[in-house]
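Tertiary structure, described
In case you want the letters, here they are:
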Amino acid sequence: MKSAIAAFALTSALVAPGLAAARPVTFTTTLNNYGGDGAYLVIYLTDAAGRYAGTLWVAGGKSKYYDSLAGWYRATGGDPAQIDGITGASVGAGRTLEITLDLADALFDAGYVLHVDAAVEDMRDSPDDVAVPLTTQGAGKPTPGRRYVASLKYDM
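Residues numbered from 1 in each chain as written. Predicted model: local features only at pLDDT ≥ 70, side-chain atom pairs only at ≥ 80, totals over all residues. Heavy atoms only, no water.

Of all eight residues in strand β6 (residues 113-120), seven are buried, a share of seventy percent or more. Of the strand pairs in this sheet, β6 and strand β7 (residues 126-133) are connected by five bridges, and their pairing is antiparallel. Bridged to Val113 within β7 is Pro133. Linkage of β6 to β7, two consecutive antiparallel strands, is achieved through a turn of five residues, within which Asp122 is found at a positive phi near 65°. (Buried < 20%, exposed > 50% of the residue type's maximum accessible area, 1.4 Å probe, protein only. Helix = DSSP H or I, 4+ residues; strand = E, 2+ residues; numbered from the N terminus. Pairing = 2+ DSSP bridges.)

In structure tokens:
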């Protein structure tokens, strides 16, 4: 249900009416065994100019920690309207978060960048733990993260 809400929000927000062709995309984020509590993650997009374009998913339910997801928080100003209906549980060390969303075709190969910010209690925050262009050629190829994320992969 949450995936459907997120897909609707994203396709409605980022694609003009009439161009709303979308496809299911599965995002697989695997965390390293970093030895701490569950990680808060946010997966979001910026456009070709680097402007915030939309939030795809937030893993972690306590909004008081969202300011630790620094890149995303700065881009959204911490606006809870950006994440209504697209949140889930935090992700433990060594675990995998897999979500499937219907993503607008117009977002691929158009300069959009997929970001993952990560934060863990009592450990350093990791804005842009992963940042990768959203392209059709990039589908199926894991991208390594910088700190808590071992890899991010999206499949269409």
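The discussion continues.
A word on the sheet that holds strand β8 (residues 143-144). What links the strands of a sheet is backbone hydrogen bonding, and the strands pair in either a parallel or an antiparallel sense. Strand order in the open sheet formed by four strands is β5-β1-β9-β8, and the pairing between neighbours is antiparallel. Edge positions in the sheet fall to β5 (96-104) and β8, since each of these pairs with one other strand and no more. Of the strand pairs in this sheet, strand β1 (residues 22-31) and β5 are connected by nine bridges, and their pairing is antiparallel. Directly across from Arg23, in β5, lies its bridge partner Leu103.

In this structure, Asp109 takes a positive phi of about 60° despite not being glycine. Of note, Asp109 is situated in the loop between β5 and β6. On the basis of relative accessibility, which here comes to 47%, the residue Asp109 falls in the partly exposed class. A positive phi angle, close to 50°, is found at Asp128, a residue other than glycine. Among the secondary structure elements, Asp128 is positioned in strand β7.

Let's shift gears to the pattern of salt bridges. For the coordinates displayed, the defined rule picks out three salt bridges. Across the pair Asp105 and Arg23 runs a salt bridge, and its minimum N-O distance is 2.8 Å. Residue Asp105 is located in the loop between β5 and β6, and its partner Arg23 is located in strand β1; the two are separated by 82 residues in the primary sequence. Residue classification places Arg23 among the partly exposed positions, given a relative accessible area of 27%. A salt bridge links Lys153 to Asp155; the nearest nitrogen and oxygen atoms lie 3.5 Å apart. When its relative accessible area of 26% is taken as the criterion, Lys153 is described as partly exposed. In this structure Asp155 comes out as partly exposed when scored by relative accessible area, which is 27%. (Salt bridge = Lys/Arg side-chain N within 4 Å of Asp/Glu carboxyl O.)

Our focus in this paragraph is the environment of Ile86. Looking at the secondary structure, you find Ile86 in the loop between α2 (70-76) and β4 (87-88). For the pair Ile86 and Val58, spaced 28 residues apart in sequence, the C-alpha separation works out to 6.3 Å.

Further remarks concern the packing of aromatic side chains. Evaluation of the coordinates by the stated rule reveals seven aromatic pairs. Aromatic side chains Tyr34 and Tyr148 sit 5.0 Å apart centroid to centroid with 75° between the ring planes, which places their arrangement in the edge-to-face category. Of this pair, Tyr34 sits in the loop between β1 and β2 (39-46) while Tyr148 sits in the loop between β8 and β9 (149-155), and the two are 114 residues apart along the sequence. The exposure class assigned to Tyr148 is buried, which follows from its relative accessible area of 3%. With centroids separated by 6.4 Å and ring planes inclined at 45°, the aromatic side chains of Phe108 and Tyr154 adopt a geometry described as tilted. With Phe108 in the loop between β5 and β6 and Tyr154 in strand β9, this pair connects stretches of sequence that are 46 residues apart. On the accessibility criterion, Phe108 (6% relative accessible area) is buried. Taking relative accessible area as the criterion, Tyr154 reaches 2% and is therefore assigned buried. (Phe/Tyr/Trp six-rings, centres within 6.5 Å; stacked < 30°, edge-to-face > 60°.)

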